[in-house]
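The chain contents come next:
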Amino acid sequence: MKRTAYSYIRFSTPEQAKGDSYRRQVSRTQEFCQKHDLIISGTRFEDLGVSGWTGKNMERGALGDFLEAVKAGKIPKGSILIVENFDRFSRLKPRVAYNKLAEIIELGVDVVTLEDGKFHTPQTLDDFATLITSLAIMQRANEESTRKSSL
């Protein structure tokens, strides 16, 4: 049985809409789903011009809506959330971001990061190499946003 994938698209500023970020994220998601024989849901979760550093995307944005839909059973267990990279998912402190990732996975939805093609599943949540790599990527994203905020 084919699994359903939900796309999560995010960029931080309205100016980025003028660039290639949106098209690139959508295109990469479509290519990944085709390669892995996944059904792309018609429901796309998008935080366009919403900060991942402040957590607005998780509190009041589309990523928060996704999590609520999972909790409400509107998105079935066994589904997949596809994000370009962890810096699209969140730029919060790594522990906070990883806990949110774990929450989604523990509710029955795997998360795919397109940058490295990894499936993040209940089996990989506590895998040492995956944990360290994920936290390092999340740390880099947080530090980049912190640096940019002080410019």
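For the structure itself, consult the block above.
Below is a short write-up of the structure. (Residues numbered from 1 in each chain as written. Predicted model: local features only at pLDDT ≥ 70, side-chain atom pairs only at ≥ 80, totals over all residues. Heavy atoms only, no water.)

**Some thoughts on the overall build of the protein**
A tally of regular secondary structure across the protein gives 6 helices and 6 strands. Moving toward the C terminus, one meets the helices and strands of the protein in the order β-α-β-β-α-α-β-α-α-β-β-α. A compact globule built from 151 residues would reach a C-alpha radius of gyration of about 15 Å, and the protein, at 15 Å, matches this within 12%. Dimensions of the protein, computed from the C-alpha atoms along their principal axes, are close to 50 × 35 × 30 Å. Across the 151 residues in the protein, those meeting the buried criterion constitute 46%. (Helix = DSSP H or I, 4+ residues; strand = E, 2+ residues; numbered from the N terminus. Rg over C-alpha atoms; globule rule 2.2 N^0.38 Å. Buried < 20%, exposed > 50% of the residue type's maximum accessible area, 1.4 Å probe, protein only.)

**Topic: the nonpolar core**
One recurring pattern in soluble globular proteins is that nonpolar side chains are buried together. Of all hydrophobic cores here, the largest spans 27 residues; its most connected members are F66, I75, L81, F89, L101 and I104. When residues of this core are traced back to their parent elements, those giving at least two are β1 (4-11), α3 (62-71), β4 (80-83), α4 (86-89), α5 (94-106) and α6 (128-149). Those residues within four positions of I75 in sequence are excluded, and the remaining contacts are Y6, F45, F66, A69, V70 and V109. Of all hydrophobic cores here, the second largest spans 8 residues; its members include A5, F32, I82 and V112. (Core = buried A, V, L, I, M, F, W, Y, C linked by side-chain atoms within 4.5 Å. Contact = heavy atoms within 4.5 Å.)

**Regarding the pairing of strand β3 (residues 45-48)**
Only one face of β3 is buried, namely the one carrying F45 and D47, since none of E46 and L48 on the opposite face is buried. Pairing between β1 and β3: 4 bridges, direction parallel. Looking across to β3, one finds that Y8 is bridged to F45. (Pairing = 2+ DSSP bridges.)

**A closer look at the side chain of T124**
Relative to the helices and strands, T124 resides in the loop between β6 (118-120) and α6. Using a relative accessible area of 19% as the deciding quantity, one classes T124 as buried. The contact partners of T124, leaving out residues within four places of it in the chain, are Y98, F119 and T130.

**Overview of the packing of α3 against α5**
Contact geometry of α3 with α5 gives a least axis separation of 10 Å together with a crossing angle of 30°. Of the two elements, α3 crosses α5, and the hand of that crossing is left-handed. Contact residues: α3 offers F66, L67 and K71, while α5 offers K100, E103 and I104. For the contact of α3 with α5, the class distribution of residues is 3 nonpolar, no polar and 3 charged. (Axes fitted to C-alpha atoms, helices over the stretch in contact; angles between N-to-C directions. Left-handed = near helix turned anticlockwise from the far one by under 90°. Nonpolar A, V, L, I, M, F, W, Y, C, P; charged D, E, K, R; others polar.)

**Focus: the environment of K56**
Structurally, K56 is set in helix α2 (residues 56-59). In the structure, K56 is positioned 13 residues away from A69 in sequence and 17 Å away in space, judged by C-alpha atoms. Discounting residues that sit within four places of it in the chain, K56 has contacts with V50, S51 and G61.

**Focus: the pattern of salt bridges**
For the coordinates displayed, the defined rule picks out 15 salt bridges. With a closest N to O distance of 3.4 Å, R44 and E46 form a salt bridge. On the basis of relative accessibility, which here comes to 28%, the residue E46 falls in the partly exposed class. The partner of K71 in a salt bridge is E103, with the nearest N and O atoms 3.2 Å apart. Here the residue K71 occupies a position in helix α3, and E103 occupies one in helix α5, the gap between them amounting to 32 residues. You can call K71 partly exposed: its relative accessible area is 44%. A residue is classified by how much of its surface remains accessible, and E103, at 24% relative accessible area, is partly exposed. In this structure, a network of salt bridges that share partners links the residues R24, R28, E84, R88 and E115. (Salt bridge = Lys/Arg side-chain N within 4 Å of Asp/Glu carboxyl O.)

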